[in-house]
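So the chains spell out like this:
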Amino acid sequence: WAASAGRDAKKLATCKVLKGKADALFAKGLFEQAAEGYSETIIALGDADEYQCERVLCHSNRAACRLQIRDYGATIADCYEVLSYDESNVKALLRRAQSLEGMERYAKAAGDCREVLSIEYAGGKGLSNMGVKARECLERCKKHAPEQRSIPIPVRSASSSPLLAAAPAAAQPPAAAPAAADAAGKPQKKRVQIVEEDEEPAAADKKPPSPSTADKGGESKPILKAEADDGKKKPKTFDEIRRENDHREAQACKERGNAAFKAGKHHNAIMHYSAAIDLVDDDVTFYTNLAAAHYALKDFPNTLKMAQQALKIDQNAAKAHYRKAQALEGLGKLSDAKVAYEEGISLLPASEQLRNGLASVSARLAAQAGAEAEALAKLKALSNTKQQKANTEAQAKDTAQKASPQEPAKKPAAAEAHVI
């Protein structure tokens, strides 16, 4: 976060303060607010290459926040940003694996776990805390996807797999570009290793690798592939490249939507979030953000529709339950809204938004029940009053009839005789 040639010192200082506030929120366990803080920092940094190191660091920290609140789609998107810059970042690989596991995409999760273990074993120092978590995640995935048991951990050379978990805690500013230029005269960009604060304490005693990975001499080695590996990385397929590009562009659309939302331009935000969904239609965050934009415009039916779509993708998305509850409350379906809030709290008990929403809708239900009871009591009292009045009038009539003397009944007059 230090200023250097081509980097605005004032801008970096402002962004460092924003990131510090997000770090403090993360330390308090306020993960939703911390993620918003990192988002503000990313927006403030802008898209310039000079700030890529700091920007990717914020993506990595935001992924940690989103993983805590089980926002798996958004976590994966942030991990893509980190891995597009540093493909050997074990934290990003592990977080993406845990998110994929949460989405029950066990084969892909297992692949990321194997990458983490490959990098860790190549370091020659056994497994770190991150490596242990990756191994545990891999074993869980194997239980759900038995076909993954036969796939070996890829071999890496130690020189090609730096262990980022052992890196210093503070991020360093990007180094100046080298003076050398290529044949076309364009300056070569120097790749800077991503380093971030480790929110998880390192294991005091690192566990040794699995016995199956140790050779006879006791030296830790990864499981060998069935076929010889020439050390070259397998090129990505066209579909993989397209998916990565789509995720990257969708994330950019989402960031633009976030900026528009914060500026109060909710119609523009809807446009950007919809564009993100057109690119990647299985990201829960895109739908929950779109629901938030509709809710801001008091478009409760579309808010509910987007929240329900998010829940189709991930039933454990607490934010989707929150948006659903907001929509139902706006539609006046308070009992259903209360159920939705309770479902969200069961997934994320620490969420202040969910708890405040539940308290609000519970108060409205209580007030509604009180008003209904009061109206019923008034109606009953009015009915009783009318009945008493009718009874009083009937009693008075009976009394008046008994008090007056009875007159003798008159005899009919005799018909006069007509003589012809």
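Residues numbered from 1 in each chain as written. Predicted model: local features only at pLDDT ≥ 70, side-chain atom pairs only at ≥ 80, totals over all residues. Heavy atoms only, no water.

**Student:** So what's going on with empty space enclosed by the protein? Residues and values would help.
**Tutor:** Enumeration according to the criterion identifies 1 cavity of 30 Å³ or more in this entry. Within this model, the largest cavity holds a volume of roughly 120 Å³. What lines the largest cavity is a set of 15 residues, among which Glu32, Ile69, Ala317, Ala318 and Lys319 lie closest to the centre. Looking at the lining of the largest cavity, the elements that each hand over two or more residues are helix H10 (284-296), helix H12 (318-330) and helix H14 (352-403). Residue composition of the lining of the largest cavity, by class: 7 nonpolar, 4 polar and 4 charged. (1 Å grid on protein atoms, 1.4 Å probe; cavity = no way out; pocket = protein on both sides within 12 Å on 5 of 7 lines; lining within 4 Å. Points joined across faces, edges and corners; volume = space filled by probe spheres on them. Helix = DSSP H or I, 4+ residues; strand = E, 2+ residues; numbered from the N terminus. Nonpolar A, V, L, I, M, F, W, Y, C, P; charged D, E, K, R; others polar.)

**Student:** Describe the environment of Ser362, and please don't skip the residues or the numbers.
**Tutor:** Relative to the assigned elements, Ser362 resides in helix H14. Separated by 28 residues in sequence, Ser362 and Leu334 have C-alpha atoms that sit 8.1 Å apart.

**Student:** Describe helix H1 (residues 9-27), listing the residues and the values that go with them.
**Tutor:** For H1, spanning 19 residues, the distance from its first C-alpha to its last is 27 Å, which sits close to the expected 27 Å at 1.5 Å a residue. Within H1, burial applies to Leu12, Cys15, Lys19, Ala22 and Phe26. Within H1, the buried residues cover an arc of 85° as seen down the axis, which keeps them to one side. Those residues of H1 that are exposed and angled more than 90 degrees off the buried face are Lys10, Lys21 and Ala27. Buried residues along H1 sit in contact with helix H2 (31-45) and helix H3 (52-68). Between a side-chain oxygen at the N-terminus of H1 and the backbone nitrogen of Lys10 the separation is 3.0 Å; the capping residue is Asp8. (Expected span 1.5 Å × (residues − 1). Buried < 20%, exposed > 50% of the residue type's maximum accessible area, 1.4 Å probe, protein only. Arc of directions from axis to C-beta. Contact = heavy atoms within 4.5 Å. Polar contact = N/O pair within 3.5 Å; in protein donor to acceptor, adjacent residues only side chain to side chain.)

**Student:** Got a sec to walk through the packing of H12 against H14? Specific residues and values, please.
**Tutor:** It is the contact of H12 with H14, at a shortest axis distance of 11 Å, that shows an interaxial angle of 25°. The orientation of H12 relative to H14 falls into the category roughly parallel. With respect to the hand of their crossing, H12 and H14 are arranged in left-handed fashion. Of the residues in H14, those touching H12 at Ala318, Lys319, Tyr322 and Glu329 are Gln353, Leu354, Ser360, Val361 and Arg364. (Axes fitted to C-alpha atoms, helices over the stretch in contact; angles between N-to-C directions. Parallel < 35°, antiparallel > 145°, perpendicular 65-115°, else oblique. Left-handed = near helix turned anticlockwise from the far one by under 90°.)

**Student:** Could you give an account of the pattern of salt bridges, naming the residues involved and the relevant values?
**Tutor:** Overall, the coordinates contain 12 salt bridges when judged by the stated rule. Between Glu255 and Arg62 there is a salt bridge whose closest N-O contact spans 2.8 Å. With a gap of 193 residues between them, Glu255 in helix H8 (residues 238-262) and Arg62 in helix H3 connect regions that are remote in the sequence. We note that Glu255, like Arg62, is buried. (Salt bridge = Lys/Arg side-chain N within 4 Å of Asp/Glu carboxyl O.)

**Student:** Any chance you could break down H14 for me, citing the residues and the numbers?
**Tutor:** Taking 1.5 Å per residue, 52 residues should reach 76 Å; H14 reaches 75 Å between its end C-alpha atoms and fits that length. When H14 is considered as a whole, its buried residues turn out to be Leu354, Gly357, Leu358, Val361 and Leu365. Two or three places before Leu354, at the opening of H14, Ser351 has a side-chain oxygen 3.3 Å from that residue's backbone nitrogen.

**Student:** Tell me what's going on with the packing of aromatic side chains, and back it up with residues and numbers.
**Tutor:** Both the distance between ring centres and the angle between the ring planes are used here to describe each pair of aromatic rings. Under the criterion given, the structure shown has 3 aromatic pairs. Both rings, one in Phe26 and one in Phe31, keep their centres 5.2 Å apart while their planes meet at 70°; by these two values the pair is edge-to-face. For the pair Tyr295 and Phe300, a centre-to-centre distance of 5.7 Å together with 55° between the ring planes defines the contact as tilted. Looking at Arg96, its charged tip hangs above the ring of Tyr80, at a distance of 5.2 Å from the centre. (Phe/Tyr/Trp six-rings, centres within 6.5 Å; stacked < 30°, edge-to-face > 60°. Lys NZ or Arg CZ within 6 Å of the ring centre and 35° of its normal.)

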